[in-house]
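Architecture at a glance
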Amino acid sequence: MTDVTRIKPDVLVEFATAALQTYDVPEADARLVADSLVQADLWGHQSHGMLRLPWYIARLRTGAMTAVTAPETISDAGALQIIDGRNGIGQVLTELARTTAIERARTFGIGMVGVRNSNHFGTAMYYTRRAALDGCASILTTNASPAMAPWGGREKRLGTNPWSIGAPAPTPGGAVVVDIANTAVARGKIYLARNRNQDIPDTWAMDTDGRITTDASDAIDGVILPMAGHKGYAITFMMDILSGALTGSRTGTGVKGPYVADQPSGAGHMFIAIDVRSADPSDQFLGAVQGLIDEVHSTPLAQGNDRIYYPGEVEDVAAERNLADGGVILADRTLDDLNTLASESGTTLPF
């Protein structure tokens, strides 16, 4: 199969769901994970798409991630709840945090749910977009395994620690949303470059000797550079505070990534939901958001640009284009990994 073959999203969802069920993941949970991965591919974020399915299943095989997610409530202070994910599936725990935070926001105006001992949950905007459709502005933070050196250092001690902010909007996707890793690039994009046998820009990473590299494999072993210099380092540090220290989960080098098959992740998340109607019952909110979008869209273009996007619009456009074109294109190595997975799990690769 070549890398120009497009695969329909529902075909990918069904395959991923079946593969996960083979390892005792309940169907509803398996379908949630599958949808989160395929949606990332549709948005153009293949670093967080089907590329990650074999990593998840490798962790299920070893027991580092449990197939049946059974969280425990640690504390409940009304607007704030902390739950222990007990090494459950990251997507399942984060969706629970999202829905619970929204329920609390309906009562208190704001709801916060912290999760400890979780796993990688895919793209953060998958959940903040959903919250927007439920009428809530939201913030989602997570920590991750070490990828970044503290500013001035050359050993990785902190994760990319991404975060997302979303809000309802009168847009085709129903949301304005940003999803940012605090490194120059998400680590998954370096894995994707390796899968495509591509060099990476010289602004992304250092090798293990602290030298700038364009080799994706050297970058994976080395250190990813922070976005915006010291500012990216400071933000990632604080996201570890919110996601790890505040939730009672692991921090810094204690967090293990999804590609480490045999060790519990210890990742922590914090989901904050704000009920828009509680903040502004006058219904002026959507009008204000539309006004801001219009103002941004009408800005005179800088040289070399043909369009200005509001946050989240690039993903909406990419998904619309991919659906119109018949599906997503996966890298050859990702396809090879999925073929291997199908063989190992006794499932059929339908593409």
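Residues numbered from 1 in each chain as written. Predicted model: local features only at pLDDT ≥ 70, side-chain atom pairs only at ≥ 80, totals over all residues. Heavy atoms only, no water.

- Labelled according to an unreviewed UniProt entry, the chain appears under the name Lactate dehydrogenase, originating from Rhodococcoides trifolii.
- For the record of the chain, the UniProt heading Sequence similarities (unreviewed entry) holds the text "Belongs to the LDH2/MDH2 oxidoreductase family." (UniProt positions renumbered as here; feature names shortened; annotations may be inferred.)

**Description of the sheet that holds strand β8 (residues 205-206)**
- Within the open sheet, the three strands sit side by side as β9-β8-β10. Their pairing is antiparallel. At either margin of the open sheet sits one strand with a lone partner, and together these are β9 (212-213) and β10 (223-224).
- Note: β8 against β10, two bridges, orientation antiparallel. Residue pairing across strands places Ala-205 opposite Ile-224, the latter belonging to β10. (Pairing = 2+ DSSP bridges. Helix = DSSP H or I, 4+ residues; strand = E, 2+ residues; numbered from the N terminus.)

**Brief notes about the sheet that holds strand β7 (residues 175-180)**
- With respect to topology, seven strands assemble into an open sheet ordered β2-β3-β4-β11-β5-β6-β7, the strand pairing being mixed. Since the sheet does not close on itself, it has two edges, and those belong to β2 (72-76) and β7, each with one partner. Here the average twist between neighbouring strands, direction ignored, is 15°.
- One ladder, built from seven bridges, connects strand β5 (residues 136-142) with strand β11 (residues 267-275); its direction is antiparallel. Bridge pairing in β11 places Ser-138 opposite Ala-273.
- Most of the contacts of helix α10 (residues 285-297) go to strand β6 (residues 163-168), to which it runs at about 115°, and overall it touches β6 and β7. (Axes fitted to C-alpha atoms, helices over the stretch in contact; angles between N-to-C directions. Contact = heavy atoms within 4.5 Å.)

**Side note on the packing of aromatic side chains**
- In total, this model carries seven aromatic pairs according to the counting rule given.
- With a centroid separation of 5.4 Å and 65° between ring planes, the pair formed by Phe-121 and Tyr-127 is classed as edge-to-face. For the pair formed by Phe-121 and Tyr-127, the shared burial category is buried.
- Pairing Tyr-233 with Phe-237 gives two aromatic rings, centres 6.5 Å apart and planes at 70°, and the pair type is edge-to-face. (Phe/Tyr/Trp six-rings, centres within 6.5 Å; stacked < 30°, edge-to-face > 60°. Buried < 20%, exposed > 50% of the residue type's maximum accessible area, 1.4 Å probe, protein only.)

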